[in-house]
Amino acid sequence: MLFALLKRDYFTKLSTGLRKALQKLSIANMVNSNKRQTLETTGNCFSSALAKIDKLISSISGIITGTLEYAFYCYGKAIASYPFAFIIVCLILSGICSIGIINFKMEERPFKLWIPQHSEFIQVMEWQETHMPSDVRLNMAIYEAENVLDKNVILEMLRVHDIAVNTRTEVATWDTTCAKIPTVATSFFGRKKRDLTRVRNNSLEAHHHRYKRQNDDDEEDEFDFSLLFPRDRYCSFLESMEMQCLENSLLEIFGYDSSYIESLTQEEIIREVNEQTRSLIYGFPTNFTKYLGKVERDENGTIIKAGAAIHRWFTKINRTAVEAGSFVNDAGSSMNVDADGYEWEQNFIQNILNFSSQSESFTLYLLASTSFGTISGDNIQNDTKYLSVGFGIVFVYILIMLGNFNLVEMRPILSLLGLSCVGLATGVSYGICSAFNVPYGPVNSILPFLLLGLGVDDMFVVMQSWDNLSPDEKRESLQERIGLTLKHAGVSITVTSVTDFVAFAIGSTTDLPALRSFCIFAATGIASIYFFQATFFVAWLSIDQRRLEDQRHGLLWCWKLKDWTPNACSRQKFCQKFFGKPYARMFLNLPMKIFIIILTLGIIAVSGWGLSNLRQEFSSIWFLPQDSYPYKFFMKQKEYYPSSGEDGTIYFGNMSLVHEIPRIENLVKTLKQNKYVSEVNDWYTRYKKYWVKQGYIVPNPNTTEEEFHNQLSQFLHSPSGSAYRTKNFRFSGELLCTEKAPPVIASSIDYRHIKLPVSSEKIQAMDSVRETVENMNFSGYAKPWSRAYAEWETDKIIVEELYRNMSLALIVVFIVTLILIASISTSILVLICVLFTLVDVGALMHWWGLTIDTVSCIDLVLAIGLCVDYAAHVGHSFMTKTGSRNQRAAKTIETIGPAVLSGGFSTVLSFIFLSNSGSHVFLTFFKVFFAVSLYGLYHGLIFLPVILSFIGPDPYPSAYSQSPSSEEEDTKDLTRTPKDIRKNGFIEKVITSENSSEAIDFQEEEATVYKSEDLAQEAADVSDKDSGTYSENA
């Protein structure tokens, strides 16, 4: 009974639970039903709204496109009626605009090209040039040998020294050009020559002491002999000191004395290098081990060998000559250098390089102050020779593609005149921009290559439209045919030209001067090439066509060929044939379309990973050719002196130093603790030690302004402070040893960063120092500056600038294509192709060793305009075709494919020889544009037609108004295809018979024949559906 009760209770609970579950399920079904109804309603509303938007855009675009087509039609007829008048107008316009070239100004100064002019770097540099201009210029050489401490190598170094000091021009010598400093007689420190008989102290403690001394940046306190004499007597002695040209090298150890060096043994040379701590030339403490690279030591820390040594020569700018107007602007350093000093530097470079090529003891690597600007500028200009080679190759290609291989139908003159449009557009661009004082930068050298590629693309589109005229249209008058050609081609080249123009117009708003300059030149050039191709080239096309129809020779127009008949082979259009039946069979069958989509997604996935690894880095060294002597110097400097970071300076002005000393002391301490700073070379630390030795308290809040200036003058004239006198201070008057210092106009503190390999760390280091100085809250001007900050500041904004420009360009390009193509879905697909191309290009940049810098930033802005061309032509042509999606895709490729391929291939040909260039600008341009052409053609000619064959929108309503003869001509080649593909019971193709209006629907291996044109079109519509069969009562 208990079991029965439990069983009954169990079934009761079970039935109750089932009832509740059914109630919940019923409620859920009702909710789901309501949700489905809501979703369906929302979907219908969305579809309705989208349809209304699409209809509105179509209406607007219809008006714009119709107006443009009619305008181009009338314009084409006018050109064909008066071709010579339009040619003369083009030549006059180009000539007038080119007059502006008389105001042409080339900008080669790096600071005016690669750095935003409102940046802190530029502001501090301008302050420095006004308040603390640097008159000193540096020239360096690195000696590389198995052991630079070998006697023979040292003697060869001495020969280089002799060559440098004996370099002269008609006016300048080393003595008149060098920067000079006072020297302390070596007898003051005990001896002029070394005692050759002294014995080395071989104790381990002595070796350890030397090793510590050689590697301690904070050198031990040196005895200051200015403390031994009264001030007047010391100043008299100081004024009598000899001034010597400043030259730093290992040879200071030996006093530049060849006879003394020859008298030394190898062991004695090693001992001198390890023990000498004071320059015999200048008498100042010097750590000579810093001049050595690739140092080897024994177990006691003694230097026994070195693989490199550095030599420095310092020259001084003659400010009097510069102010008198006798100067040369050195582009590399952005300095105005007196003409005599500049000439001396050129002779110095030539003499040293000539000797280095003959030396067998070592290899010499040289860098002069003028090297960078001279070599980088000449390198870019010299590589423009590839432009003429590119023009020649493109001319041959155009000659092959534009005409036929027979005496009459070849078009060499027309091809050459079409290329001349590039010259006309370049002249207009240079003239207009120069007239408005837009500077010409080194990157602008690639502009003719860009205009060549875009101009040839427009040329091929025009000629393709000419070839695509229907048989009936080809029987019209020449004026009518030219009008119809320009009617069809005008809108297409307008779409691409406007998008290119807009992309560069947006790029011209950038803060980077080089990019802004190039974009202004390019936008002007694109507008010009658009005008000349639509006018100048079309005018010559009408003249050339008259010549052809009159059966005159293609090259010698005065020679009329009688009874001439072209052979069939010469009139074959192999490219046109390929994009007809073979292309449709190859790419527009279902398995291949699926494969292409999978392949594209795979490529974009891999490219996305590659793009994520693309580095942000810029170095002005890249503008040097790799076989140039400055480039080799920089590479050896990086190899042998890797621990040396970038130098910087903190400038102070408009402040009372005596009141700011506590803050200066705090700043020095904070900088020394900064993880990005390796050393601080400040006057204050030495100043404090100098006066603390004499029993003074520093800083002393009771020190008056007058007392401070008196102490500062004494310090700066002492051996402890003389190194800071001219380098780190500027006074309102002359600084005299016996008097207090005049008011300080400006002062500075030097520091050095650690070696920073990654651009992100460089940016952090720069910001860290700037923040440190800012937090000190100085009462006057206080800003850090380093020459390296030019590149670091560019790195800081380049990515932001790139993404901003590209995003704005893509948005505007989408809007322009949307208005002119008049289809949301087609415009989105075109935009997707552009995005896919850019991702692929970014990945290939990473794999090809490129980084995000100013040059690649420019090229990527160019890439947007170029890759839009490929996809926009295809998208616009698709909208003008009727039939099933598959048929329309095939017709699109057949009609526009040859022009797109020819334009892309000719673009590659125009810059293919830049792959041999030694210029970073041209190499980057080649790599980026090769990638753009490769991926752009793939996405435009393969991927986009496949996608359009699946989800392409309906054609323009005006497409249905096409004449039957024209429609028949468009589909003639396709309708002859005997092979039809059926997959999964769906219609893949509907073929309209060429000889009758029969539509054959292959499905379930049964064929139904439809005799009327309406049924054939209805069958074609059914072929676009994903499922279902054509009803029998159709």
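Just so it is clear, the model here is predicted, and its values are computed rather than measured.

Some thoughts on the overall build of the chain
Then, in step 1: Scanning the chain for helices and strands turns up 35 helices and 19 strands.
Then, in step 2: Each of the 1034 residues in the chain was classed as buried or not, and the buried ones make up 53%.
Then, in step 3: Residue pairs at least 24 apart in sequence account for 77% of intrachain contacts in the chain once pairs closer than 6 positions are excluded.
Then, in step 4: On the chain, roughly 46900 Å² of surface is accessible, and the fraction owed to carbon and sulfur atoms is 57%.

What about the packing of aromatic side chains?
Then, in step 1: Scanning all chains against the criterion turns up 41 aromatic pairs.
Then, in step 2: Seen in terms of ring centroids, Phe 531 and Phe 532 are 5.4 Å apart; in terms of plane orientation they differ by 65°. Their pairing is edge-to-face.
Then, in step 3: On the basis of relative accessibility, which here comes to 30%, the residue Phe 531 falls in the partly exposed class.
Then, in step 4: Residues Phe 633 and Phe 634 carry aromatic rings whose centres are separated by 6.0 Å and whose planes lie at 75° to one another, so their mutual orientation is edge-to-face. Residue Phe 633 shares its accessibility class with Phe 634, and that shared class is buried.
Then, in step 5: Cluster of aromatic residues (ring-pair linked, three or more members): Trp 683, Tyr 684, Tyr 687, Tyr 690, Trp 691, Tyr 696, Phe 708, Phe 715, Tyr 724, Phe 729 and Phe 731.
Then, in step 6: It is Lys 593 that lies over the ring of Phe 950; its NZ or CZ is 4.4 Å from the centre.
Then, in step 7: Positioned above the aromatic ring of Phe 878, the side-chain terminus of Arg 888 is 4.0 Å from the ring centre.

A short note on the packing of helix H24 (residues 657-673) against helix H25 (residues 683-692)
How two helices pack is summed up by the angle between their axes together with the distance between the axes.
Then, in step 1: Closest axis-to-axis distance for the H24/H25 pair is 9 Å, and the angle between their directions is 115°. In terms of orientation, H24 and H25 fall into the roughly perpendicular class. Taken as a pair, H24 and H25 cross one another with a handedness that is left-handed. Contacts from Leu 657, Ile 661, Ile 664, Glu 665, Val 668 and Lys 672 in H24 reach Trp 683, Tyr 684, Thr 685, Tyr 687 and Lys 688 in H25.
Then, in step 2: Here the contact of H24 with H25 is built from residues that sort into seven nonpolar, one polar and three charged.

Comments concerning helix H2 (residues 83-98)
Then, in step 1: Compared with the 22 Å implied by 1.5 Å per residue over 16 residues, the 23 Å span of H2 between its first and last C-alpha is a close match.
Then, in step 2: The complete set of buried residues in H2 reads Pro 83, Phe 86, Ile 87, Cys 90, Ser 94 and Cys 97. The buried residues of H2 occupy one face: seen down the axis, they fall within an arc of 105°. Projecting away from the buried face of H2 at angles above 90 degrees are the exposed residues Phe 84 and Ile 96.

Here's the deal with the pairing of strand S13 (residues 744-753)
Then, in step 1: In terms of burial, S13 is largely enclosed, as eight of its ten residues are buried.
Then, in step 2: Two elements, strand S11 (residues 677-681) and S13, share four bridges in a ladder whose sense is antiparallel. Bridging across to S13, Val 677 finds its partner in His 753.
Then, in step 3: As judged from the three bridges shared by strand S12 (residues 729-731) and S13, these two strands associate in the antiparallel manner. By the bridge assignment for S13, Arg 730 is matched with Ala 746.

Points about the state of the cysteines
Disulfide: a covalent bond formed between the sulfur atoms of two cysteine residues.
Then, in step 1: Under the counting rule described, the total for this entry stands at two disulfides.
Then, in step 2: Each sulfur in the disulfide pair Cys 178 and Cys 245 lies 1.9 Å from the other. The S-S bond linking Cys 178 to Cys 245 shows a torsion near -50°; that makes this disulfide left-handed. Pair noted here: Cys 178 is in the loop between helix H6 (174-177) and strand S2 (180-182) and Cys 245 is in strand S3 (residues 243-245), with a separation of 67 residues, a long-range link. Note on accessibility: Cys 178 and Cys 245 belong to one class, buried.

A closer look at the packing of helix H16 (residues 447-467) against helix H31 (residues 854-878)
Then, in step 1: Where H16 meets H31, the axes come as close as 12 Å, and the angle between the chain directions of the two elements is 10°. Classified by the angle their axes make, H16 and H31 are roughly parallel. Across the interface between the two elements, Leu 450, Leu 454, Asp 457 and Val 461 of H16 pack against Leu 862, Leu 866, Asp 869 and His 873 of H31.
Then, in step 2: Its residues assigned to classes, the contact of H16 with H31 comprises five nonpolar, one polar and two charged.

Considering H24
Then, in step 1: Between its first and last C-alpha, H24 extends 23 Å over 17 residues, near the 24 Å set by a 1.5 Å rise per residue.
Then, in step 2: Maximum bend of H24: about 35°, positioned at Arg 663.
Then, in step 3: Among the residues of H24, Leu 657, Val 658, Glu 660, Ile 661, Ile 664, Glu 665, Leu 667, Val 668 and Leu 671 are the ones counted as buried.

Quick word on unusual backbone geometry
Then, in step 1: With an omega dihedral of 0°, the bond running from Val 698 to Pro 699 counts as a cis peptide bond.
Then, in step 2: Take Pro 699: it is sitting in the loop between H25 and helix H26 (705-716).
Then, in step 3: At Lys 294, a residue that is not glycine, the phi angle is positive and equals roughly 55°.
Then, in step 4: For Lys 294, a relative accessible area of 56% gives the class exposed.
Then, in step 5: Positioned with a positive phi, Asn 437 is a non-glycine residue whose angle comes to about 60°.

A short note on the nonpolar core
Then, in step 1: Core analysis: the largest hydrophobic core is formed by 152 residues, its most contacted members being Leu 450, Phe 504 and Phe 518.
Then, in step 2: Excluding its chain neighbours within four sequence positions, the residues that come into contact with Phe 504 are Leu 450, Phe 518, Cys 519, Ala 522, Ala 523, Ile 526, Val 861 and Leu 862.

Re the confidence of the model for the chain
Then, in step 1: For the chain, the average pLDDT comes to 79, and 80% of its residues sit at 70 or higher.
Then, in step 2: Per-residue pLDDT stays below 50 along residues 186-220; that stretch engages in 62 contacts with residues further than four places along the chain or on separate chains.

Some thoughts on a nonpolar patch on the surface
Then, in step 1: There is a patch of nonpolar side chains on the surface, built from Ile 88, Ile 92, Ile 96, Ile 99 and Ile 102 and spanning about 550 Å² of accessible area.
Then, in step 2: The topology assignment puts Ile 88 in helix H2.

Re the pairing of strand S9 (residues 363-367)
Then, in step 1: Counting buried residues in S9 gives four out of five residues, a clear majority hidden from the surface.
Then, in step 2: Two strands pair when backbone bridges link them, and strand S1 (residues 136-144) and S9 are joined in this way by five bridges, in the antiparallel orientation. Each bridged residue has a counterpart across the sheet, and for Glu 144 the counterpart in S9 is Thr 363.

A closer look at the environment of Ile 88
Then, in step 1: Overall, Ile 88 belongs to the partly exposed group, its relative accessible area being 49%.
Then, in step 2: Taking the C-alpha atoms as reference points, Ile 88 and Phe 536, 448 residues apart in sequence, are found 8.9 Å from one another.

Structural notes on the pattern of salt bridges
Then, in step 1: Here the structure, examined in full by the defined rule, presents 23 salt bridges.
Then, in step 2: Notably, a salt bridge pairs Arg 411 with Asp 544, separated by 2.5 Å at the nearest N-O pair. Here Asp 544 lies in helix H19 (residues 513-549) and Arg 411 lies in the loop between helix H14 (385-402) and helix H15 (412-435), a separation of 133 residues in the sequence. Comparing Arg 411 with Asp 544, the two get one shared label, buried.
Then, in step 3: Its salt-bridge partner being Lys 796, residue Asp 767 comes within 3.1 Å of it at the nearest N-O pair. You can see Asp 767 sitting in helix H28 (residues 759-775) and its partner Lys 796 sitting in helix H29 (residues 789-821), a full 29 residues away along the chain.
Then, in step 4: For Asp 767, a relative accessible area of 26% corresponds to the partly exposed category.
Then, in step 5: Overall, the relative accessible area of 39% leaves Lys 796 in the partly exposed class.
Then, in step 6: One network of salt bridges, in which partners are shared, links Glu 120, Arg 770 and Glu 793.

Calculation notes
- Residues numbered from 1 in each chain as written.
- Predicted model: local features only at pLDDT ≥ 70, side-chain atom pairs only at ≥ 80, totals over all residues.
- Heavy atoms only, no water.
- Helix = DSSP H or I, 4+ residues; strand = E, 2+ residues; numbered from the N terminus.
- Buried < 20%, exposed > 50% of the residue type's maximum accessible area, 1.4 Å probe, protein only.
- Contact = heavy atoms within 4.5 Å.
- Areas by Shrake-Rupley, 256 points an atom, 1.4 Å probe, with all protein chains shown as cover.
- Phe/Tyr/Trp six-rings, centres within 6.5 Å; stacked < 30°, edge-to-face > 60°.
- Lys NZ or Arg CZ within 6 Å of the ring centre and 35° of its normal.
- Axes fitted to C-alpha atoms, helices over the stretch in contact; angles between N-to-C directions.
- Parallel < 35°, antiparallel > 145°, perpendicular 65-115°, else oblique.
- Left-handed = near helix turned anticlockwise from the far one by under 90°.
- Nonpolar A, V, L, I, M, F, W, Y, C, P; charged D, E, K, R; others polar.
- Expected span 1.5 Å × (residues − 1).
- Arc of directions from axis to C-beta.
- Pairing = 2+ DSSP bridges.
- Disulfide = S-S within 2.5 Å.
- Bend = angle between axes of the 7 residues up to and from the residue.
- Core = buried A, V, L, I, M, F, W, Y, C linked by side-chain atoms within 4.5 Å.
- pLDDT = per-residue confidence, 0-100.
- Patch = residues over 30% accessible without salt bridge, like charges linked within 9 Å, V, L, I, M, F, W, Y side chains within 5 Å.
- Salt bridge = Lys/Arg side-chain N within 4 Å of Asp/Glu carboxyl O.

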